[in-house]
Amino acid sequence: MSSEATAKAIQTELIRIEGFRALLFARHREVLSSSAPDERLLLLLATLLKLRKQARACLLLAQEFMVEEILVTTRTMAEVIVNAAYLQFADGAELARFHRFDTQSLYRHSEKLRPITSRELTVEQEAELQRFVAEARGLTQLPDKAQSWSRTHLISRAECVEKKMAGSFMP
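Residues numbered from 1 in each chain as written. Predicted model: local features only at pLDDT ≥ 70, side-chain atom pairs only at ≥ 80, totals over all residues. Heavy atoms only, no water.

Caption draft 1: Structural detail: the pattern of salt bridges. For the structure shown, the criterion picks out two salt bridges. A salt bridge links Glu-94 to Arg-157; its shortest N-O distance comes to 3.1 Å. Of this pair, Glu-94 sits in helix H4 (residues 92-113) while Arg-157 sits in helix H6 (residues 154-165); the two residues are 63 residues apart in sequence, bridging distant segments of the chain. Here Arg-157 falls in the buried class, since its relative accessible area comes to 4%. Residues Arg-131 and Glu-128 are paired through a salt bridge, measuring 4.0 Å at the closest nitrogen-oxygen approach. Of this pair, Arg-131 and Glu-128 both sit in helix H5 (residues 123-140), three residues apart, which is roughly one turn of the helix. Since its relative accessible area comes to 40%, Glu-128 is described here as partly exposed. (Salt bridge = Lys/Arg side-chain N within 4 Å of Asp/Glu carboxyl O. Helix = DSSP H or I, 4+ residues; strand = E, 2+ residues; numbered from the N terminus. Buried < 20%, exposed > 50% of the residue type's maximum accessible area, 1.4 Å probe, protein only.)

In C-alpha cells, the structure reads:
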C-alpha cells in the first residue's frame, strides 16, 4: 500500500470516528434534556469515555501508519456505539442481560486460568461462584461459550437504533 493510499485510509477512519462521536454526543444531549441521570445515562457516559480512549489509540496508531490496527479498533468502536445507543432504548431485562454477561464471561476466563492458580477455592466459595454464574446464565440466556453479548444481534440492534433515532448513520 502506498503512503498516499495509507494516508487516505487513515483519514477515512478518522472521519468515521468523528461521525460516531457526533452520533453519541447527539444521543447524550437528548438523554440529558429529557430525563434525570440514571443507569442508561451512566452507561452512555462510560461509553463516551471508552470511545475517547479508543480514538486516542487510533491517533497513536495513525502516527505509525498502522492502518489494519486502526480498522480493528474502529470496528470495535462501532460495536460499542451500536450497543450503547441500543441500550438507551432497550427494556430493563435487556439491560440486565448486558450487565450479567460480564459475570458469565469472567467466569469462563477464570475457568481457563484455574489450573495455574496457586489458591484453591473453598467449597463455600465455589458454591457462591456457581450461584452467581447460574444467575448470570439465566439472565443473559447465552451459553458459556458465547464470545460476546453484542455480536450476536449487532445488525438488528443497529436497525433498532436507526428506527428510534430516525437517522441513517448506522448502516
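Caption draft 2: Focus on the side chain of Gln-88. Along the chain, Gln-88 turns up in helix H3 (residues 67-89). Of the polar contacts made by the side chain of Gln-88, one reaches the backbone oxygen of Arg-40; its length is 2.9 Å. (Polar contact = N/O pair within 3.5 Å; in protein donor to acceptor, adjacent residues only side chain to side chain.)

Caption draft 3: Representation of the nonpolar core within the structure. In this structure, Leu-24, Leu-51, Ile-70, Met-77 and Ile-81 are the most contacted members of the largest nonpolar core, which totals 18 residues. Taken together, the elements giving at least two residues each to this core come down to helix H1 (3-34), helix H2 (39-63) and H3. In terms of residue count, H2 provides more of this core than any other element does, seven residues in total. In this view, Leu-24 contacts Leu-44, Thr-47, Leu-48, Leu-51, Ile-81 and Ala-84; residues no more than four positions away in its chain are not counted. (Core = buried A, V, L, I, M, F, W, Y, C linked by side-chain atoms within 4.5 Å. Contact = heavy atoms within 4.5 Å.)

Caption draft 4: Representation of the environment of Glu-79. By the element assignment, Glu-79 lies in helix H3. Assessed through its relative accessible area of 15%, Glu-79 is described here as buried.

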